[in-house]
Structures are given as C-alpha cells and as structure tokens.
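Read off the chains here:
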There are 2 protein chains.
Amino acid sequence: MGRSTARREEILTVAGELFRQKGYHATSMQDIAERLQLQRGSLYAHIESKEELLFEIVDRAADRFLAGIEQAWREGTTARDRLRRALAAHMAVIAEHRDTASVFFHEWRFLRADLRSRIQAKRDRYEARWRELIADGVARGEFRAVDPRFAALLALSAVNWAYQWYSPDGPLAPDDVAATFAELILKGLEAGSS
Amino acid sequence: MGRSTARREEILTVAGELFRQKGYHATSMQDIAERLQLQRGSLYAHIESKEELLFEIVDRAADRFLAGIEQAWREGTTARDRLRRALAAHMAVIAEHRDTASVFFHEWRFLRADLRSRIQAKRDRYEARWRELIADGVARGEFRAVDPRFAALLALSAVNWAYQWYSPDGPLAPDDVAATFAELILKGLEAGSS
C-alpha cells in the first residue's frame, strides 16, 4: 500500500469515527483534518468532499455485507448451515467495523439522491439474498412455511441491532452472539417444530 | 391544555422531527424557531435549552415503552400472551411516534452525563422487564430453557429495527407486524418444540 493509499485509509477511518460520534452533518472537513493533524488543504489533496467520504464508507460496508452472504450461500450445505454462516458473517462485519456499521445504518440517508440510490440497490440485493435463503429452506422442507420477508427481517434485525449493544471488550465473541441468535431463530423456523 | 402547554407540545414535536432529520448536533434553536415561525427569543420563553428538549423527548419515549410492558405484564395471562402484548405495545410506540423513537435510539447518547444516566436507568429497567418476562415463561414451563438475555434481545431487536423500515403508509398495521414477529419468536421459544 503506497503512502497515498495509506493516508486515504487513515482519512476514511477517522471520518467514520467522527460521523458516528457527532453525526455526518455536524462533522466538518476541518474536524477531520484536525483529528489527523493535517491542514485542511492537504485533506483535499486526498479526497474531494465530505460526501465522497460518506459514500466510500457506506459503499464498502455494503460490499462487506454482500460478500458475507455470498460466501455463506456458496459454502453452506443446508439452509440451516447457510443461515448460521450468514448471521456469523453479518455479525463479524458489525463487530470488526463498528464505526462503519453505525454510519452505514444512520448516516447513509444523508447521501445525495444518486449516490443514495446506488447504496439502496445494494441494500435491496442483500435483503433479497436473505429472503432467498429462507425461501430456499422452506422449499427444501428444512423450514416451516414462514413468510420469508418476516423471517429474514427477524434474523437481520437481531444482528443489526447488535451495533447498539455489542462490545468487543465484553465476554462474547461475535461468533457466539451469532450462534446464539441462530439457535433461537432456527428453532422458530425448523419444520416439524410446530 | 392551555395555550402555553399547547405551544410547548408543538415545540417538542418540531424538535423531534428536526433531531431525527438532521441529527441533534446539526439542529440549532434557530432551526426550531424558524420551523415554528417563532422568534428565537420567544422559543426561550418556553424552554431553556436544546438539551432540555432532547431530554424531554427521550424521557417521554422511555416512559411510553415502560408503560407498555407494565400493561402487558398486568393484563397478560400467560408468558406467551404477555410476550405478544409487549411486542404489540413496543411496536405501537414506534409506529405512532416515529420521530421520537428515532431520537430515542440515536440522539439520546448526546445528552450530558447526568441526564443520560437517568435515561439509561429507564432503558435498563425496560430490558430487565423483558428478561423477567422470558425467565418467567421458562419457569412456568411455557418456554424452553433459553438464555433470557438473548431471547429478550432477539424480541426487542426485531421491533426496535422496525423504526428503520416500518411505514405507516404501507400495507401492514403495527399490530400485524408485532403479531408476525411474535409468532416466529414464540415458535423458537415454546417448550416441546425442540
């Protein structure tokens, strides 16, 4: 990684922290420059605008979430197994990139319309993959005939909300949290459990 | 309701809208005054500070959530029934007060320490009530021997997240959403389903 790329990564990290702590609108380029001990002018050598930073943070998060469910889909052997893996992958993204996750969930709505709709398309694709995973489990006879929209929402809500309470300094590894939720959710989904 | 009380309610409503739309830090007293077509000075006749508004919005939300679970506890006859009622009550608070709910979830952390700890105490009490509800279901033999912390988190996450996707203009009434989640969650909890 060249010096310029490394600096760009640093800028993205600091911007993510500040957007989460203060909110996008309340964070200025000056705040970002100060935290990095840079002149505001030097910051503009690396990035064009505050919105570019917001977009890149949110877009990377979307890509991480998508990569997680695609891998769970490829590597999982049953619907149960895929659901477990997809929850673990989602939880790992949140646990490893908490600032980014928080910005992804809250601040993304401040993007201007054309950028927001690019993120919306990725969010829609991600949620669609979750519904497919559930619907596939129903079709295979692994899951009860649940409404895939709601079952997917329940699973996603459980792990999304973790960014509010999960602490990497606490006793639970992200995998443990995901596994415990998976167990509860799978009990509710499994065919033959009614 | 006197004129002054009515005006105060109006100020709280507008502050809630703006705090949700722009974030607490990015909203000024001037913004609130303008939206109300008031002079900034007149605003200060009704309230002391922006933080007072934030506290009152968040504190009322906390009280609504608490009242909901207390009522579910009193009026429910079984643990299943209480869980259904508690989910419906929580979902109703979010659906009826979406700005407030959003401010309750995100902006509350910007309160100064002493005010924040008063809200934290109510949040803790609310979550404790949820864990008691689950633990009671386990003790009654209605639920499997689940970890009440995680089961409560799953239920609360499902309805909390609804503030992100629920639309009062959509096809689903808040009660329908709560009932569908309750069914999925109860299937996962019920004794004899393993």
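Being a predicted model, the structure only gives us computed values, none of them experimental. (Residues numbered from 1 in each chain as written. Chains lettered and ligands numbered in written order. Predicted model: local features only at pLDDT ≥ 70, side-chain atom pairs only at ≥ 80, totals over all residues. Heavy atoms only, no water.)

### Here's the deal with the overall build of chain A
The condition is simple: Labels follow the DSSP assignment, with helices taken as runs of H or I lasting at least four residues and strands as runs of E lasting at least two, numbered in each case from the N terminus. To sort residues, take the accessible area from a 1.4 Å probe on protein chains only and compare it with the maximum for the residue type: under 20% means buried, over 50% means exposed, and anything in between is partly exposed. Contacts are assigned to residue pairs with any non-hydrogen atoms lying within 4.5 Å of each other.
Secondary structure summary: chain A contains nine helices and zero strands in total. Across chain A, helices and strands are ordered from the amino to the carboxyl terminus as α-α-α-α-α-α-α-α-α. In chain A, buried positions account for 51% of the 194 residues. Pairs at least 24 residues apart make up 69% of the contacts formed inside chain A by residues separated by at least 6 positions.

### What about the interface of chain A and chain B?
The criterion, for reference: By buried area we mean the combined loss of accessible area, with a 1.4 Å probe, across both parts when two parts are placed together. The rule for a salt bridge is simple: a side-chain nitrogen of Lys or Arg has to be within 4 Å of a carboxyl oxygen of Asp or Glu. Residues adjacent in sequence count toward polar contacts only when both atoms are side-chain atoms; beyond that, a polar contact is any pair of N or O atoms within 3.5 Å, and within protein one must be able to donate a hydrogen and the other to accept it. Asp, Glu, Lys and Arg are counted as charged, while Ala, Val, Leu, Ile, Met, Phe, Trp, Tyr, Cys and Pro are counted as nonpolar; the rest, among them Gly, fall into the polar class.
With 35 residues of chain A at the interface, the matching set in chain B holds 35 residues. For the pair chain A and chain B, the summed buried surface comes to about 3,000 Å²; carbon and sulfur atoms form 70% of the total. Ranking the residues of chain A by area buried against chain B places Phe150(A), Trp161(A) and Leu184(A) at the top, with a combined share of 24%. In this structure, the connection of chain A to chain B is made through two salt bridges. Counting every contact that joins chain A to chain B gives five residue pairs in polar contact (both at pLDDT 80 or more). At the level of elements, helix 1 (3–22), helix 6 (98–106), helix 8 (148–165) and helix 9 (174–189) of chain A are the ones that each hand at least two residues to the side of chain A that touches chain B. For the side of chain A that touches chain B, the element with the highest residue contribution is helix 8 of chain A, accounting for eleven residues. Split by residue class, the side of chain A that touches chain B holds 18 nonpolar, ten polar and seven charged.

### Notes on the domain arrangement of chain A
All names here are of chain A. Note the threshold: Where each domain begins and ends is defined by an automated method or by a domain database.
Each domain of chain A was delimited in the assignment, giving domain 1 (1–47) and domain 2 (50–189). On the side of domain 2, 14 residues touch domain 1, which itself brings 16 residues to the contact. At the boundary of domain 1 and domain 2, one finds four salt bridges. The closest approach of N and O atoms between Arg8 and Glu52, which form a salt bridge, is 3.2 Å. Applying the counting criterion to the domain 1 and domain 2 interface returns eight residue pairs in polar contact (both at pLDDT 80 or more). Every element with two or more residues in the side of domain 1 that touches domain 2 is listed here: helix 1 and helix 2 (29–35). Take the side of domain 1 that touches domain 2: its biggest share by element is nine residues, from helix 1.

### Section: the packing of helix 7 (residues 113–139) of chain A against helix 8 of chain A
Residues and elements named next belong to chain A. Basically, it comes down to this: To get an axis, fit a line to the C-alpha atoms, keeping to the stretch in contact for a helix; angles then go from 0 to 180 degrees between the N-to-C directions. Should an angle lie under 35 degrees it is considered roughly parallel, over 145 roughly antiparallel, and from 65 to 115 roughly perpendicular; all remaining angles are considered oblique. What makes a crossing left-handed is the near helix being turned counterclockwise from the far one by less than a right angle; a clockwise turn instead makes it right-handed.
Packing of helix 7 against helix 8 leaves a shortest axis separation of 8 Å and a crossing angle of 115 degrees. The angle between helix 7 and helix 8 falls in the class roughly perpendicular. Considering only the axes of helix 7 and helix 8, their crossing is right-handed. Along the contact surface, helix 7 presents Tyr126, Glu127, Trp130, Arg131, Ile134 and Ala135, while helix 8 presents Pro148, Arg149, Ala151, Ala152, Ala155 and Leu156. Here the contact of helix 7 with helix 8 is composed, by residue class, of nine nonpolar, no polar and three charged.

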